[in-house]
Amino acid sequence: MEKSESKKLILKNGSRIGVVGGGPAGSFFTFFAFELAREKGINIQVDIYEIKNFSKTGQAGCNHCGGIVAESLVHRLSEDGIILPPQIVRRGIESYTLHVEQGSTTINTILHEHPIASIFRGAGPLGSTVINAQGFDGFLLDLCEKKGAVVFREKVIDAEVQPDGVTLITGSAKRKYDLVVGAVGLNPKSLHIFQKLIPPYKPPRTTRTYISEYFLGSENITKHFGNSMHVFLLNLPGIKFGALIPKGVYVTLVLLGEDVNAEAVNRFLNSETVANCFPAGIALKDIPPCQCFPSINIGSARNPYSDRIVLIGDSASSILYKNGIGAAYITGKAAAVAAFRVGISKSDFKKSFRPVCAQLNTDNAVGKLIYSVSSIIQKSMFLKKVMFRIVVTEQKKERGKLEMSSLLWDTFTGSAPYRNILKRALNPILLANLFRKIFTEFFTPEPLSKG
Ligand SMILES: Cc1cc2nc3c(=O)[nH]c(=O)nc-3n(C[C@H](O)[C@H](O)[C@H](O)COP(=O)(O)OP(=O)(O)OC[C@H]3O[C@@H](n4cnc5c(N)ncnc54)[C@H](O)[C@@H]3O)c2cc1C
């Protein structure tokens, strides 16, 4: 690594890169770093620091997540030659079942080339004994090792900037790099290390969520959940959205809202609509879940780059409430492209990496608007009934457009950007149909025939 006459910081033959965090963002960066180094005709060394062992069950091996790999990401990965092997995919999700107080309906949208995958991030919930099961994060990290990365099972506890590099410090070693990549997720202590290195860096805003995994056995999962992700739009205080995602012999519950707490979780589990999804005679309170209250990124970081340093994934910009793994892919790849094709100075990242984060941030602003409208619908029994009726009617059609169904599909599964969803929601035909249905429901309300 050297400064050229124009003082440009670039990666060259023999450059050393230190990646802090071997979750999806760190692995996607590394994967593309090796691809781009090959394209540039240079040899590089990439060291990944990861404290978790993804072959372990429970918290020790898990990067807390609902485990939905969006259809758009499955598609992009396959284009890049990353095919998720069968032992990673616990279910191919082909539909979702919408649950509201008024009833439930299964929504099969337009058939897609790549089904959504449900995965575990580690080897499975605590106590899981599935043989040959591999987690998503472990699979990606293995891929990076096969490309030539060295994985250090060490925690980075500090870092120092020098004029000619950045040194990462662990409990047992100090190693100097030409470029350091921060892919530490939302770990507050690790983010603090980067705040110290880059004073203008402001970590993302977060809120608390809830995840639990219940063992129900293969037969129960197939019978009661099938290949469907179950989405709950219930009017329960503190909860925006709940989902039950089938995975092999387990079902994963995800609750998103404003700082979800134990009372909100109990309210959700005790609701009749939720209880009805589980096999009769099975009391959820009697199944010990593998559970946690992880943070989620709800507001992007500011200034996630400087000379020789760039932050990616959750530590930089994500996608509001969905497809965080997709955002890790987008930002990890964008940082690699910036570093190899443009340079590794602050101005290079500003020119080439920042616009990608800005695009995610703008899309999230649209997402916030969509969630505001959705929370009005969620709280109104009348509007929810209208929406539910439209969806049920669409699903009965053998032909024709499934406008409302596909809007909901993309909102819940992360298969399309929020801008695209908003644009389709403002379609005059959809709006005219919606107002007609609101008018009819208001003046001549009919009982619902459930889907
Ligand atoms: C409730 C909930 C549900 C979600 N559901 C989904 C979903 O269904 N689909 C989806 O796409 N996204 C989902 N997400 C978001 C997704 O989990 C994240 O966006 C994604 O994990 C971000 O990847 P990352 O690599 O940036 O960070 P992480 O996955 O958090 O990885 C960071 C890694 O860095 C390591 N690390 C941290 N500090 C250090 C250090 N100092 N030294 C060494 N290693 C370190 C950690 O051990 C970790 O492995 C969900 C999130 C939540 C909270």
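These figures come from a predicted structure and were not determined experimentally.

Each value, and the rule that gives it
Residues numbered from 1 in each chain as written. Predicted model: local features only at pLDDT ≥ 70, side-chain atom pairs only at ≥ 80, totals over all residues. Heavy atoms only, no water. Helix = DSSP H or I, 4+ residues; strand = E, 2+ residues; numbered from the N terminus. Rg over C-alpha atoms; globule rule 2.2 N^0.38 Å. Buried < 20%, exposed > 50% of the residue type's maximum accessible area, 1.4 Å probe, protein only. Contact = heavy atoms within 4.5 Å. Areas by Shrake-Rupley, 256 points an atom, 1.4 Å probe, with all protein chains shown as cover. Lys, Arg positive; Asp, Glu negative; His and termini not counted. Charge placed at Lys NZ, Arg CZ, Asp CG, Glu CD. Pairing = 2+ DSSP bridges. Domains from an automatic or database assignment. Buried area = accessible area lost by both parts, 1.4 Å probe. Salt bridge = Lys/Arg side-chain N within 4 Å of Asp/Glu carboxyl O. Polar contact = N/O pair within 3.5 Å; in protein donor to acceptor, adjacent residues only side chain to side chain. Nonpolar A, V, L, I, M, F, W, Y, C, P; charged D, E, K, R; others polar. 1 Å grid on protein atoms, 1.4 Å probe; cavity = no way out; pocket = protein on both sides within 12 Å on 5 of 7 lines; lining within 4 Å. Points joined across faces, edges and corners; volume = space filled by probe spheres on them. Near = heavy atom within 4 Å. Axes fitted to C-alpha atoms, helices over the stretch in contact; angles between N-to-C directions.

## Overview of the overall build of the protein
Okay, so step 1: Check the secondary structure of the protein and you find 14 helices and 21 strands.
Okay, so step 2: In summary, the protein has a C-alpha radius of gyration of 23 Å against a globular reference of 22 Å for 451 residues, a match within 12%.
Okay, so step 3: Referenced to the eigenvectors of the C-alpha coordinate spread, the extents of the protein come out at roughly 75 × 50 × 40 Å.
Okay, so step 4: The 451 residues of the protein split such that 54% are buried.
Okay, so step 5: Sequence-distant contacts in the protein: of pairs separated by 6 or more residues, those separated by 24 or more amount to 74%.
Okay, so step 6: Here the protein has roughly 20000 Å² of accessible surface; of this, 55% comes from carbon and sulfur atoms.
Okay, so step 7: Across the protein, the mean location of the 54 positive side-chain charges is 4 Å away from that of the 37 negative side-chain charges.

## Observations concerning the pairing of strand β5 (residues 95-100)
Okay, so step 1: Most of β5 is tucked away, with six of its six residues classed as buried.
Okay, so step 2: Side-chain alternation along β5 places S95, T97 and H99 on one buried face and Y96, L98 and V100 on a second face that is also buried.
Okay, so step 3: Two elements, β5 and strand β15 (residues 228-232), share five bridges in a ladder whose sense is parallel. Along β15, the bridge assignment pairs L98 with V231.
Okay, so step 4: Of the strand pairs in this sheet, β5 and strand β6 (residues 103-107) are connected by five bridges, and their pairing is antiparallel. The residue bridging V100 from the neighbouring strand is G103, located in β6.
Okay, so step 5: Linking β5 back to β6 in an antiparallel pair, the connection comprises two residues.

## Regarding the domain arrangement of the protein
Okay, so step 1: Domain boundaries in the protein define domain 1 (15-66 + 135-205 + 298-365), domain 2 (210-293) and domain 3 (373-443).
Okay, so step 2: Summarising the inter-unit geometry, the C-alpha centres of domain 1 and domain 2 are found 32 Å apart.
Okay, so step 3: With six residues of domain 1 at the interface, the matching set in domain 2 holds 11 residues.
Okay, so step 4: Interface area for domain 1 against domain 2, summed over the two sides, is near 610 Å², with a carbon-plus-sulfur share of 63%.
Okay, so step 5: Looking only at domain 1, the three residues that lose the most surface to domain 2 are Q59, G66 and Y321, adding up to 69% of its buried area.
Okay, so step 6: Seen at the junction of domain 1 and domain 2, the total is zero salt bridges.
Okay, so step 7: Remark: the boundary between domain 1 and domain 2 carries one residue pair in polar contact (both at pLDDT 80 or more).
Okay, so step 8: Partitioning the side of domain 1 that touches domain 2 into residue classes produces two nonpolar, four polar and no charged.

## With respect to unusual backbone geometry
Okay, so step 1: One non-glycine residue with positive phi stands out, namely R308, at about 65 degrees.
Okay, so step 2: Checked against the element boundaries, R308 lands in the loop between β20 (305-306) and β21 (309-311).
Okay, so step 3: We note that Y321 has phi near 60 degrees; this positive angle belongs to a residue other than glycine.
Okay, so step 4: Its location among the elements puts Y321 in the loop between β21 and α8 (324-342).

## With respect to the layout of surface pockets
Okay, so step 1: In this structure, the second largest pocket occupies an estimated 640 Å³ of space.
Okay, so step 2: For the second largest pocket, the lining is made up of 25 residues, of which V373, S374, I377, A425 and L434 are closest to its centre.
Okay, so step 3: When residues of the lining of the second largest pocket are assigned to their parent elements, the largest contribution, seven residues, is made by helix α10 (residues 354-379).
Okay, so step 4: When grouped by side-chain class, the residues that make up the lining of the second largest pocket number 22 nonpolar, three polar and no charged.

## Topic: empty space enclosed by the protein
Okay, so step 1: One pass over the full model with this rule turns up one cavity of 30 Å³ or more.
Okay, so step 2: Lining of the largest cavity is provided by 18 residues; of these, C62, H64, I211, E213 and C290 occupy positions nearest its centre.
Okay, so step 3: Of all elements in the fold, only β14 (210-215) and β18 (290-292) reach the threshold of two or more residues within the lining of the largest cavity.
Okay, so step 4: Examining the composition of the lining of the largest cavity, we find that three residues originate from one element, β18, more than from any other.
Okay, so step 5: Of the residues that constitute the lining of the largest cavity, the class distribution is nine nonpolar, six polar and three charged.

## Here's the deal with the environment of V231
Okay, so step 1: If you trace the backbone, V231 turns up in strand β15.
Okay, so step 2: The spacing of V231 and L98 is 133 residues in sequence and 5.0 Å in space, taken between C-alpha atoms.
Okay, so step 3: In this view, V231 contacts Y96, T97, L98, H99, F241, G242, A243 and F412; residues no more than four positions away in its chain are not counted.

## Observations concerning the site of the ligand
Okay, so step 1: Residues in contact with the ligand amount to 36 residues; listed here are only the nearest, E50, N63, G66, I68 and S190.
Okay, so step 2: One of the backbone N or O atoms of P24 is found 3.3 Å from an oxygen atom in the ligand.
Okay, so step 3: Mapped by element, the contributors of at least two residues to the shell around the ligand are α1 (24-40), β19 (295-299) and α8.
Okay, so step 4: Considering only residue class, the shell around the ligand consists of 16 nonpolar, 14 polar and six charged.

## Comments concerning the sheet that holds strand β10 (residues 165-170)
Okay, so step 1: Taken in spatial order, the three strands of this open sheet run β9-β10-β11, and their pairing is antiparallel. Sheet topology places β9 (156-162) and β11 (174-177) at the edges, where each strand pairs with a single neighbour. Taken over all neighbouring pairs, the strand axes of this sheet differ in orientation by 25 degrees on average, direction set aside.
Okay, so step 2: Here four bridges tie β10 to β11, and the two strands are oriented antiparallel to one another. Paired with T167 across the strands is K176, a residue of β11.
Okay, so step 3: Against the sheet, helix α4 (residues 188-197) touches β9 and β10, its axis set at about 10 degrees to β9.

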